[in-house]
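One letter stands for each residue in the lines below.
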Amino acid sequence: MNYRHSFHAGNSADVVKHSLLIALVRALQLKQGALTLIDTHAGCGLYDLGGDEAQRTGEAMQGVRRAFADPNPLLDDYRAAVQAVNMDGEPHLYPGSPQILAQLLRPQDLLILNEKHPQDAYALRGVMRNSRAAVHERDAYELWLAMLPPRTPRGVVVVDPPYEQPDERARITATLAAAHRKWAHGVTVIWFPLKDRATHSRWVTQLRNLGIPKLLRTEHWLYDSEQPGLYNGAGLFIVNPPYAFTQALPPLLEALRAALAPQGHKGEIISGWLGD
């Protein structure tokens, strides 16, 4: 696997993913019942935005740094999560999903992290050393099914793969179908990059054909028209999102669109139920 998130940490996809993830978990925590949070592709957990990899791409300049420069209070929770791992107000370090989920834990909640890449798993254990997280080094899709249903009545599975394998979408689709049979009321979050609309539309159709009743689709397109060969944005599929989250989602997505739109573009938000 050649993908290393250290090259892309803090980019616009991270801003969207982590903003929505924070909002989702907070909405679930409006109820006092315990949650199990499971991250199947956890990565290193913490990234140096001043490191060689991040500096080589410069993607954080169009992501987290734009979010920090935007005054919209709807992005305050996201900014606070990033500031929590930095000594001052500037984002020098970037928290991955494991760190962000750890920040959201209540005493009754559980956190299960998984990273197959040995070097990244070693780094993840060091980053999460003083947390209550359990860290695994297993195949993500095997772990996803093995952990269901979780020990707590409610939970969230976060699936955030690199999409470098040609069968990645097929594996997600098959595993989601099996997971839904085991845990129909559970919440699942699947992150995806947006590269071309045709490929993405085919996958949307495949997921719609699974017949999962409450499957929400959210897409953040950066440009006003498709840019062939470029990264065009990112989004999430969310199974069984709570009502409080879906109600708060439209203004949050609009805030993200406005903050992250490249110069000369307005960007586009697509959000709705797959069954509609």
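Residues numbered from 1 in each chain as written. Predicted model: local features only at pLDDT ≥ 70, side-chain atom pairs only at ≥ 80, totals over all residues. Heavy atoms only, no water.

Observations regarding the overall build of the protein chain
In terms of regular secondary structure, the protein chain is built from ten helices and ten strands. For the protein chain, the C-alpha radius of gyration of 17 Å lies close to 19 Å, the compact-globule estimate for 276 residues. Counting across all 276 residues of the protein chain, residues that qualify as buried make up 54%. Considering only contacts within the protein chain whose residues lie at least 6 apart along the sequence, 76% involve residues at least 24 apart. (Helix = DSSP H or I, 4+ residues; strand = E, 2+ residues; numbered from the N terminus. Rg over C-alpha atoms; globule rule 2.2 N^0.38 Å. Buried < 20%, exposed > 50% of the residue type's maximum accessible area, 1.4 Å probe, protein only. Contact = heavy atoms within 4.5 Å.)

Things to note about empty space enclosed by the protein
Counted according to the given criterion, the structure contains one cavity of 30 Å³ or more. As for the largest cavity, its lining consists of Leu148, Leu176, Ala179, His180, Trp183, Gly186, Thr188 and Val239. Looking at which element gives the most residues to the lining of the largest cavity, the answer is helix 8 (residues 168-182), with three residues. Residue composition of the lining of the largest cavity, grouped by class: five nonpolar, three polar and no charged. (1 Å grid on protein atoms, 1.4 Å probe; cavity = no way out; pocket = protein on both sides within 12 Å on 5 of 7 lines; lining within 4 Å. Points joined across faces, edges and corners; volume = space filled by probe spheres on them. Nonpolar A, V, L, I, M, F, W, Y, C, P; charged D, E, K, R; others polar.)

Some details on the packing of aromatic side chains
For the structure shown, the criterion picks out six aromatic pairs. Ring plane angle 40° and centroid distance 6.3 Å describe the contact between Tyr141 and Trp144, whose orientation is recorded as tilted. Placement of the pair is Tyr141 and Trp144 together in helix 7 (residues 140-146), with a separation of three residues, close to one helical turn. Clustering of aromatic rings is evident, with ring pairs tying together Tyr163, Trp191, Phe192, Trp203 and Phe237. Residue placement shows Arg169 over the ring face of Trp203; its charged tip is 5.5 Å from the ring centre. The ring centre of Trp221 lies 3.8 Å from the NZ or CZ of Arg197, which sits over that ring. (Phe/Tyr/Trp six-rings, centres within 6.5 Å; stacked < 30°, edge-to-face > 60°. Lys NZ or Arg CZ within 6 Å of the ring centre and 35° of its normal.)

Things to note about the nonpolar core
Counting residues in hydrophobic clusters, the biggest one holds 81 residues, and the most contacted among them are Leu20, Trp144, Ile190 and Phe237. Considering every element that reaches this core, the biggest residue donor is helix 1 (residues 12-28), with ten residues. In contact with Ile190, other than residues within four places in its own chain, are Trp144, Val159, Tyr163, Ile172, Leu176, Trp203, Gly235, Leu236 and Phe237. (Core = buried A, V, L, I, M, F, W, Y, C linked by side-chain atoms within 4.5 Å.)

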